[in-house]
Amino acid sequence: MHISDNSCCCSFDECKRTSDWLLSQTRYRPKIAVVCGSGLGLLAEYLTSKQAFRYEDIPNFPVCTVSGHEGRLVFGKLNDKSCVFMQGRFHLYEGYSLCKVTFPVRVFKLMGVETIIVTNASGGLCQDFKVGDIMIIKDHINLPGFAGQHPLCGPNDERFGVRFPTMSDAYSEDLRKLALDISSELGYSSFVHEGVYCMVCGPNFETVAEARLLHKLGSDTVDYTDWT
Ligand SMILES: O=P(O)(O)O[C@@H]1C[C@H](O)[C@@H](CO)O1
Ligand SMILES: Nc1nc2[nH]cnc2c(=O)[nH]1
């Protein structure tokens, strides 16, 4: 059988090189990573004792080309817990391969990160949502994945994970409940919802017909980004 040479540009060794470099440059050993979407880079300012690296200074790291994405990896403490925040992420529409787009997630895993919180600015499809509302992702539809654009396609390196990962519980029920409980305690329930997120490639926003279709398919929001 012929297998074409379509090897991943972000091999285990490349990810390890970046992870080792970061671990050699910081005393932080974060178990939690937060990806800050458009307009949310300021979240990293809540960290204390910050140590920041510009993406262009990190071996192998892609750089941000989208405005509103600063392009820094910020380590620090939040409530005495070590965390790492991505101030800016990478999108398929910038021309990056899915391998590169998801590269930081693999690096985080090799650094010992166990929990990732992803945030983004997305388009609301659910009629009940208002501009500025927050949706906690309970499930997703990976539309490009249906069409063969999937970061896990290609040879699988078991050191990252299994060949056929289960996706029926992709978003931690405990963390979602915690987020909803805290929202309620803060009096935010009127604008914090749970829902289904749909990934598309972008960069155009949806036509009205596409938005209707995605909503009918069960999506509450749509965006180009949460590969990272
Ligand atoms: O990184 P996020 O998902 O926040 O960015 C979204 C997608 C585009 O880059 C941009 C469009 O407004 O927001
Ligand atoms: N696909 C998509 N992505 C977005 N990101 C922010 N708003 C939108 C939107 O309306 N559609």
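Cut-offs used in this document
- Residues numbered from 1 in each chain as written.
- Chains lettered and ligands numbered in written order.
- Predicted model: local features only at pLDDT ≥ 70, side-chain atom pairs only at ≥ 80, totals over all residues.
- Heavy atoms only, no water.
- Domains from an automatic or database assignment.
- Contact = heavy atoms within 4.5 Å.
- Buried area = accessible area lost by both parts, 1.4 Å probe.
- Polar contact = N/O pair within 3.5 Å; in protein donor to acceptor, adjacent residues only side chain to side chain.
- Helix = DSSP H or I, 4+ residues; strand = E, 2+ residues; numbered from the N terminus.
- Nonpolar A, V, L, I, M, F, W, Y, C, P; charged D, E, K, R; others polar.
- Near = heavy atom within 4 Å.
- Salt bridge = Lys/Arg side-chain N within 4 Å of Asp/Glu carboxyl O.
- Buried < 20%, exposed > 50% of the residue type's maximum accessible area, 1.4 Å probe, protein only.
- Areas by Shrake-Rupley, 256 points an atom, 1.4 Å probe, with all protein chains shown as cover.
- Axes fitted to C-alpha atoms, helices over the stretch in contact; angles between N-to-C directions.
- Parallel < 35°, antiparallel > 145°, perpendicular 65-115°, else oblique.
- Left-handed = near helix turned anticlockwise from the far one by under 90°.
- Pairing = 2+ DSSP bridges.

Trainee: It is not clear to me how the domain arrangement of the protein should be interpreted in this structure. Could you clarify?
Mentor: The extent of an interface is frequently quoted as the accessible surface area lost upon association of the parts. Taken domain by domain, the protein holds domain 1 (7–121) and domain 2 (122–228). Once you take the C-alpha centre of each, domain 1 and domain 2 turn out to be 20 Å apart. The partner domain 2 presents 20 residues to the 23 residues of domain 1 that form the contact. Both sides together, the interface formed by domain 1 and domain 2 hides about 1,900 Å², and carbon and sulfur atoms give 67% of it. Taken together, the connections running from domain 1 to domain 2 amount to 1 residue pair in polar contact (both at pLDDT 80 or more). The set of elements that each furnish at least two residues to the side of domain 1 that touches domain 2 consists of helix 1 (12–25), helix 2 (98–101), helix 3 (103–111) and strand 5 (115–118). The leading source of residues in the side of domain 1 that touches domain 2 is helix 3, at 5 residues. Looking at side-chain class alone, the side of domain 1 that touches domain 2 contains 14 nonpolar, 6 polar and 3 charged residues.

Trainee: Help me out: how do you make sense of the site of ligand 1 in this one?
Mentor: All residues in the neighbourhood of ligand 1 are listed as Gly37, Ser38, His69, Arg89, His91, Tyr93, Asn120, Ala121, Asp223, Tyr224 and Thr225. Separating an oxygen atom of ligand 1 from a side-chain N or O atom of Tyr93 is a distance of 2.4 Å. Ala121 has a polar backbone atom sitting 2.9 Å from an oxygen atom of ligand 1. Of the residues that constitute the shell around ligand 1, the class distribution is 3 nonpolar, 6 polar and 2 charged. When residues of the shell around ligand 1 are assigned to domains, at least three fall in each of domain 1 (7–121) and domain 2 (122–228).

Trainee: Looking at this structure, I do not really get the pattern of salt bridges. What am I missing?
Mentor: Pairing between side chains of opposite charge can happen when the charged atoms of each approach one another. Counted by the stated rule, this structure contains 7 salt bridges. As a salt-bridge pair, Lys50 and Glu45 come within 3.9 Å of each other at their nearest N and O atoms. Judged by its relative accessible area of 39%, Lys50 falls in the partly exposed class. Residue classification places Glu45 among the partly exposed positions, given a relative accessible area of 41%. A salt bridge links Arg54 to Glu56, with the nearest nitrogen and oxygen atoms 3.3 Å apart. Taking relative accessible area as the criterion, Arg54 reaches 34% and is therefore assigned partly exposed.

Trainee: What is the right way to look at the site of ligand 2 in this model?
Mentor: Close contacts around ligand 2 come from Ala121, Ser122, Gly123, Val200, Phe205, Glu206, Val222, Asp223 and Tyr224, and that covers them all. Ala121 has a polar backbone atom sitting 3.0 Å from a nitrogen atom of ligand 2. With respect to ligand 2, the side chain of Asp223 contributes an N or O atom lying 3.1 Å from a nitrogen atom. Protein chains bury 82% of the 280 Å² of accessible surface belonging to ligand 2 in isolation. Looking at the shell around ligand 2, its residues break down into 5 nonpolar, 2 polar and 2 charged.

Trainee: Looking at this structure, how should I read the packing of helix 1 against helix 3?
Mentor: Packed helix pairs are specified by the crossing angle of their axes together with the interaxial distance, meaning the distance between the axes. Across the interface, helix 1 lies against helix 3 with an axial gap of 9 Å and an inter-helix angle of 60 degrees. With respect to their mutual orientation, helix 1 and helix 3 come out oblique. Two packed elements cross with a definite hand, and for helix 1 against helix 3 that hand is right-handed. Contact residues: helix 1 offers Phe12, Glu14, Cys15, Lys16, Thr18, Ser19, Leu22 and Leu23, while helix 3 offers Phe103, Arg106, Val107, Leu110 and Met111. Taken together, the residues of the contact of helix 1 with helix 3 sort by class into 8 nonpolar, 2 polar and 3 charged.

Trainee: I would appreciate a short explanation of the sheet that holds strand 6 (residues 123–124) in the present structure.
Mentor: Note on sheets: strands pair through backbone hydrogen bonds, and any given pair is parallel or antiparallel. Reading across from one edge, 6-9-8-7 is the order of the 4 strands in this open sheet, with mixed pairing throughout. For this open sheet the edge positions go to strand 6 and strand 7 (134–142), each flanked by a neighbour on one side alone. Note that strand 8 (residues 192–199) and strand 9 (residues 221–223) share 3 bridges and pair parallel. Residue pairing for strand 9: Tyr197 is matched across the bridge by Thr221. Across the sheet, helix 5 (residues 173–185) touches strand 7 and strand 8, and the angle it forms with strand 7 is around 155 degrees.

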